[in-house]
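Structural overview for review
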Amino acid sequence: MAIASRYAYFTWFTPVRNREIRMMATFRSSFVWAILSAAAFAAPGEIDAFRDQPAASILSSATIWGPADIYIGWPTIAKTREGELLAVFSGDRDAHVCPWGKTQLVRSRDNGATWTAPETINNTPLDDRDAGILQTRAGTLVVSWFTSLAFETNDLYRRHREKLSTETVNQWFGSWIRRSEDNGKTWGEYIRVETTAPHGPIELSDGRLLYVGCTTAKTPEERAGVLESRDDGRTWTRIASIAQAEGDDPSQCHEPHVVETAGGGLVAMARYHGEGEFANHLRQAFSNDGGTTWTRFAPTPIWGYPPHLIRLTNGWLLVTYGRRKDPFGERACISKDGGKTWDVQNEVVLSQAPGGDLGYPASAQLDDDSILTVYYEVLETGQKPPLRYTHWTLK
């Protein structure tokens, strides 16, 4: 790893980053990383402390991509029909909040053993954050993300913000989707949508795409919006809203995701802060009519955020989420009854971390029924977080 630390991490730094210089440096580090990725920073004994658990076994845990001076955040993973793993994330960053975020993509054709260097999908004038991805039955890749101006209050980036015209901000500020019909070789137009969520939309068994996300709404009850697309992600229509739990503050509900159960129902979960006994517990709502009507969100016994949901081949539901309190790390929980109950007593520990700069785990089930979960996570205090994965299996 001495080679990796000396060369794969090489880049220039200035307080206000020159994007062209940074791109040249990242190209060099990407080339070296592609050669070294098979090693993937898997430290011997790193996961021994929690390798064997009552409900799961941890097979391996490693870094996919993470030069030392680059901050990586908010990934999602998808497994294509061809068996390729695609992980998207916000990359080439200085920090958790900065203007330089880009939507980037890495690929694995060997179930996560090795990964390509990042490909950049989006690089708007604003901060491109929170990337989601899926492959539709038509073979189309659909990537979602949102842009942010949160960096404008940071003195480091004030000059950059001053250079952005009102026209530029109005053009690029918002939530977005792009499509690729050639497996990511080229990407289509920028499609503006009214809602956003870290892991983006899903495809339902009837062929529709469903996007449960949060939006700046006219009323609090409309904050959690449900969009559908009937044309492979080209256009989107709002079909419903999900009301908050009784007594919950709508402004504290964030970052939902949704899954279709084996019986055709829908389960949506969301991050929630606020006060009270169930602060920071995931919220959950149900739909039995394809997303047209929903129950109110209600608290679950699961502490963590935000959720990513998939249905496993045996029909169980899997939710993964970050734990930003001691003991820090990534977690997973199983429901065997379509989300009615969750086995919190056998919560799976996917990783251990020194602090709370982590999370947004997302999972894909492999052909052998094992699970590969990607996330971002600081490995040592003071470092920037890389893109990581844990490969594991249920018992």
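Now for a look at the structure at hand.

**Things to note about the pairing of strand β7 (residues 141–148)**
In terms of burial, β7 is a largely internal element, seven of the eight residues being buried. Strand direction decides the pairing type here: strand β6 (residues 127–135) and β7, joined by seven bridges, are antiparallel. Within β7, the residue paired with Arg129 across the bridge is Phe146.

**A word on the layout of surface pockets**
If you add up the space inside the largest pocket, you get close to 950 Å³. For the lining of the largest pocket, the secondary structure elements donating two or more residues are β2 (71–79), β6, β10 (202–203), β14 (253–260), β18 (305–311) and β22 (358–365). Of the residues assigned to the lining of the largest pocket, the class counts are 14 nonpolar, eleven polar and seven charged. Taken together, 21 residues line the second largest pocket, and the ones lying closest to its centre are Phe146, Thr196, Cys214, Thr215 and Thr216. The set of elements that each furnish at least two residues to the lining of the second largest pocket consists of β7, β9 (191–193) and β14. Its residues assigned to classes, the lining of the second largest pocket comprises seven nonpolar, eight polar and six charged.

**Some details on the sheet that holds strand β12 (residues 224–229)**
If you trace the four strands from one edge of the open sheet to the other, you get β10-β11-β12-β13, paired in antiparallel fashion. Both outer strands of the open sheet, β10 and β13 (237–242), are each paired with one neighbouring strand and no more. Bridge analysis of β10 against strand β11 (residues 209–214) gives two bridges, and the strand direction is antiparallel. Opposite Ile202, over in β11, you have Leu210 as the bridge partner.

**Considerations on the nonpolar core**
Core analysis: the largest hydrophobic core is formed by 21 residues, its most contacted members being Val88, Leu105, Ile121, Ile133, Val143, Leu149 and Leu164. Counting only elements with at least two residues in this core, the list comes to β3 (85–93), β6, β7 and α4 (166–172). Looking at which element gives the most residues to this core, the answer is β7, with three residues. Setting aside anything within four residues of it in sequence, one finds Leu164 in contact with Pro125, Leu126, Leu149, Phe151 and Val169.

**With respect to the side chain of Asp94**
Considering the arrangement of structural elements, one finds Asp94 in the loop between β3 and β4 (102–108). In this structure the side chain of Asp94 is engaged in a polar contact, spanning 2.9 Å, whose partner is the side chain of Trp100.

**Comments concerning unusual backbone geometry**
Of the consecutive residues Tyr305 and Pro306, the connecting peptide bond is found in the cis state with omega at -20 degrees. With respect to the helices and strands, Pro306 occurs in strand β18. Going from Asp326 to Pro327, the amide bond is cis rather than trans, its omega being 0 degrees. Counting through the fold element by element, Pro327 comes out in the loop between β19 (317–323) and β20 (329–335). Located in the positive-phi region is Asn183, a residue other than glycine, with phi close to 60 degrees. Within the secondary structure, Asn183 sits in the loop between β8 (175–180) and β9.

**Here we look at the pattern of salt bridges**
For the structure shown, the criterion picks out 22 salt bridges. For Asp52, the salt bridge identified is with Lys395, shortest N-O distance 2.6 Å. Here Asp52 is found in the loop between α2 (19–36) and β1 (56–65), whereas its partner Lys395 is found in the segment after β24 (387–394), with 343 residues between them in sequence. For Asp52, a relative accessible area of 59% gives the class exposed. What emerges from the salt-bridge pattern is a single network uniting Glu84, Arg107, Arg109 and Glu119.

The rules behind each value
Each chain has its residues counted from 1, running along the sequence as written. pLDDT decides what is reported in this predicted model: residues at 70 or higher carry local features, side-chain atom pairs at 80 or more are listed and counted, and totals for whole chains, interfaces and linings draw on all residues regardless. Derived side-chain values reflect all non-hydrogen atoms in the structure, with water molecules and hydrogen atoms excluded from consideration. Only protein chains enter the accessibility calculation, which uses a 1.4 Å probe; a residue is then buried when its area is under 20% of its type maximum, exposed when over 50%, and partly exposed in between. To qualify as a helix, a DSSP run of H or I must reach at least 4 residues; to qualify as a strand, a run of E must reach at least 2; elements of each kind are numbered from the N terminus. Here a strand pair is declared whenever DSSP counts at least two bridges between the two strands. Here a cavity denotes a set of grid points, spaced 1 Å apart and computed over the protein atoms alone, in which a 1.4 Å probe fits but from which it cannot get out, and a pocket denotes an open set meeting protein on both sides within 12 Å along at least five of seven lines; residues with an atom within 4 Å of a point are reported as lining. Grid points are joined across faces, edges and corners, and a volume is the space filled by probe spheres set on the points. Nonpolar residues are Ala, Val, Leu, Ile, Met, Phe, Trp, Tyr, Cys and Pro. Charged residues are Asp, Glu, Lys and Arg, and all others, Gly as well, are polar. Put simply, a nonpolar core is a bunch of buried Ala, Val, Leu, Ile, Met, Phe, Trp, Tyr and Cys residues held in one set by side-chain atoms that sit within 4.5 Å of each other. Contacts are assigned to residue pairs that have any heavy atoms within 4.5 Å of one another. Polar contact is the term for a pair of N or O atoms within 3.5 Å; when the atoms are in protein, one must be able to donate a hydrogen and the other to accept it, and sequence-neighboring residues count only if both atoms are side-chain atoms. Whenever a carboxyl oxygen of Asp or Glu lies within 4 Å of a side-chain nitrogen of Lys or Arg, that contact is scored as a salt bridge.

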